[in-house]
Amino acid sequence: MNTLLFPVILAGGKGERFWPLSRKDRPKQFLSLDGSSRSLLQSTADRLLALTGGWDSLWVITSNQIAEGVRQQLPDLPSQNLLIESEGRDTAAAVAWTSLEIKQRYGEDAVIGFFPADHWIADQKAFAHTLSAATQLAASTAAIVTLGIKPTFPSTGYGYIEQGEKIGSFNELPAYHVNRFTEKPNRETAETFLSTGRFSWNSGMFVFRAGVVLKELHTHAPEIIEPLEQHGPDIYPQLPKKSIDYALMEKTTLAYVLPVDFGWDDLGDWNAIERLLKKQETPNVELATHIGLDTQGAIIYASNSEDVVVTIGLEDVVIVRDRNVTLVVKKERTQEIKQILKILQSDSRFTDLL
């Protein structure tokens with residue numbers, strides 16, 4: 001049985017909640033948001049390459065719109081390992097197509113891992129240890145393994161996984177059958193989840209054998225896998241737009257979870273910058289030249305080092321200056337950036353801002 005892991009980076013997202021820094025020609029995965037010189041995509045590739053030992057085993061699936069950018073960011077990625085979607089159809093189609101391609105090349109026992117391009121991982125050693133355990137479980141069992149992040153607060157922005165019966169330990173990490181997946185709960189429900197000690201955050205990272213996931217897709221999402229098998233990726237624009245959680249994970253009986261704790265953030269919006277970079281002794285997170293008077297709890301970013309941001313009497317706001325746009329938003333309302341983009345899309349005067 002093949003126990004080599006074939007990691008796949010899901011790099012087709014838009015990262016709209018990081019607008020105006022994230023735009024069509026420069027999506028979130030091309031940005032460096034943690035103070036390093038490496039983009040999120042490059043950092044994801046770096047930590048996965050440390051597990052594979054080389055580029056031949058690493059795959060990326062992305063959209064036609066940003067494929068050239070992916071090539072520029074990852075020049076050593078083999079061209080045959082870059083799958084380009086003609087139209088984004090969410091993660092279920094991406095998982096199905098990539099799994100078919102890897103099965104064709106390496107057989108149904110090939111162990112595949114899927115990893116979003118925009119995650120931040122603190123402890124690389126613990127991450128590698130976890131993936132070794134997930135690979136062992138997937139190689140030895142008809143399992144769709146998900147990595148469950150140990151929750152640190154009652155988040156209402158993440159999905160949750162409830163662990164059921166323990167099925168054993170892999171690489172000294174306990175593994176559990178999944179009882180259920182729950183989408184973003186309200187605060188009271190999230191607090192209840194944490195109090196039980198049985199729930200993890202859904203990281204969106206999965207590991208399984210190609211044959212196992214394809215069989216489960218035939219059972220639970222035939223409307224996605226069968227057209228791909230019959231017509232190949234040319235059928236892509238006609239596929240239903242579904243997440244892998246909705247299309248498969250919430251339905252399969254083969255879901256298993258490894259509860260893990262390696263320091264993780266999905267960098268979902270501008271508030272993630274504060275979680276990564278906030279220092280206790282400083283009142284704000286400043287990635288810009290900032291002159292402030294009585295301003296605290298602010299996240300301030302400017303892409304041009306010559307721009308100066310001046311604030312007076314502000315609290316708990318995000319200020320982003322990029323090219324010809326300045327965004328000012330309360331931290332608690334950053335999720336509504338998507339609504340602003342819809343307004344901009346409807347007005348031809350603002351198409352160059354997207």
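The present account deals with the structure reproduced in this document.

With that settled, consider the layout of surface pockets. In this structure, the second largest pocket occupies an estimated 170 Å³ of space. Every residue lining the second largest pocket is counted, 14 residues in all, and those nearest its centre are T152, W201, G263, W264 and D265. Classifying every residue of the lining of the second largest pocket by side-chain character gives 8 nonpolar, 2 polar and 4 charged.

Another point: the pattern of salt bridges. All told, the structure shown has 19 salt bridges when counted by the stated rule. Salt-bridge contacts for K331 lead to D316; the nearest nitrogen and oxygen are separated by 3.6 Å. Here K331 is found in the loop between β17 (325–330) and α10 (337–345), whereas its partner D316 is found in the loop between β15 (308–312) and β16 (317–322), with 15 residues between them in sequence. Taking relative accessible area as the criterion, D316 reaches 37% and is therefore assigned partly exposed. E336 is the partner of R333 in a salt bridge, and the nearest nitrogen-oxygen pair spans 2.8 Å. Relative accessible area serves as the criterion here: at 44%, R333 is assigned to the partly exposed category. Among the charged side chains, a network of salt bridges with common partners joins R23, D25, R26, D322 and R323.

What follows concerns the pairing of strand β2 (residues 59–63). In the case of a regular strand, side chains alternate between the two sheet surfaces. In terms of residue burial, β2 counts as a mostly covered element, since 5 of its 5 residues are buried. The alternating pattern of β2 places W59, I61 and S63 and V60 and T62 on opposite faces, both of which are buried. By the bridge criterion, 3 bridges tie strand β1 (residues 5–10) to β2 in an arrangement that is parallel. Within the sheet, the bridge partner assigned to L10 lies in β2 and is I61. For β2 and strand β3 (residues 82–85), the ladder comprises 4 bridges, and the chain directions are parallel. Among the inter-strand pairings, S63 is bridged to a residue of β3, identified as E85. Between β2 and its parallel partner β3, the chain crosses via helix α2 (residues 67–73), and the hand of that crossover is right-handed.

As a further point, take empty space enclosed by the protein. Here the structure, examined in full by the defined rule, presents 1 cavity of 30 Å³ or more. In this structure, the largest cavity encloses a volume near 30 Å³. Every element with two or more residues in the lining of the largest cavity is listed here: α1 (40–52) and β4 (111–116). Per element, the largest residue contribution to the lining of the largest cavity is 3 residues, and it comes from α1.

Here we take up the sheet that holds β17. Here 4 strands make up an open sheet; going across it, the order is β12-β14-β16-β17 and the pairing mixed. Looking along the sheet, the strands with just one partner apiece sit at the ends: β12 (285–287) and β17. If you compare each strand with its neighbour and ignore which way they point, the axes differ by 5 degrees on average. Pairing geometry for β16 and β17, over 6 bridges, is antiparallel. What sits directly across from D322, in β17, is V325.

To continue, consider the side chain of S39. Of note, S39 is situated in the loop between β1 and α1. Excluding anything up to four places from it in sequence, S39 contacts Q29, F30, L31, S32 and Q73.

Turning next to unusual backbone geometry. Most of the time, phi is negative for any residue but glycine, and the peptide bond is trans. The linkage connecting W19 with the following residue, P20, adopts the cis geometry, with an omega of 10 degrees. Relative to the helices and strands, P20 is located in the loop between β1 and α1. The backbone of D294 shows a phi angle near 55 degrees, a positive value even though the residue is not glycine. Mapped onto the elements of the fold, D294 is located in the loop between β13 (289–293) and β14 (299–302). A positive phi angle is found at R323, which is not glycine, with a value near 50 degrees.

This model, assessed by the stated rule, comprises 13 aromatic pairs. Each member of the aromatic cluster is reached from another via a ring pair, and the members are F153, Y158, W201 and W264. We note R47 situated over the ring of F127; from NZ or CZ to the ring centre the distance is 5.9 Å. Here the guanidinium or amino end of K251 rests over the ring plane of Y246, the centre of that ring lying 5.3 Å away.

Cut-off values and rules
- Residues numbered from 1 in each chain as written.
- Predicted model: local features only at pLDDT ≥ 70, side-chain atom pairs only at ≥ 80, totals over all residues.
- Heavy atoms only, no water.
- 1 Å grid on protein atoms, 1.4 Å probe; cavity = no way out; pocket = protein on both sides within 12 Å on 5 of 7 lines; lining within 4 Å.
- Points joined across faces, edges and corners; volume = space filled by probe spheres on them.
- Nonpolar A, V, L, I, M, F, W, Y, C, P; charged D, E, K, R; others polar.
- Salt bridge = Lys/Arg side-chain N within 4 Å of Asp/Glu carboxyl O.
- Helix = DSSP H or I, 4+ residues; strand = E, 2+ residues; numbered from the N terminus.
- Buried < 20%, exposed > 50% of the residue type's maximum accessible area, 1.4 Å probe, protein only.
- Pairing = 2+ DSSP bridges.
- Right-handed = clockwise from strand over helix to strand, strands pointing away.
- Axes fitted to C-alpha atoms, helices over the stretch in contact; angles between N-to-C directions.
- Contact = heavy atoms within 4.5 Å.
- Phe/Tyr/Trp six-rings, centres within 6.5 Å; stacked < 30°, edge-to-face > 60°.
- Lys NZ or Arg CZ within 6 Å of the ring centre and 35° of its normal.

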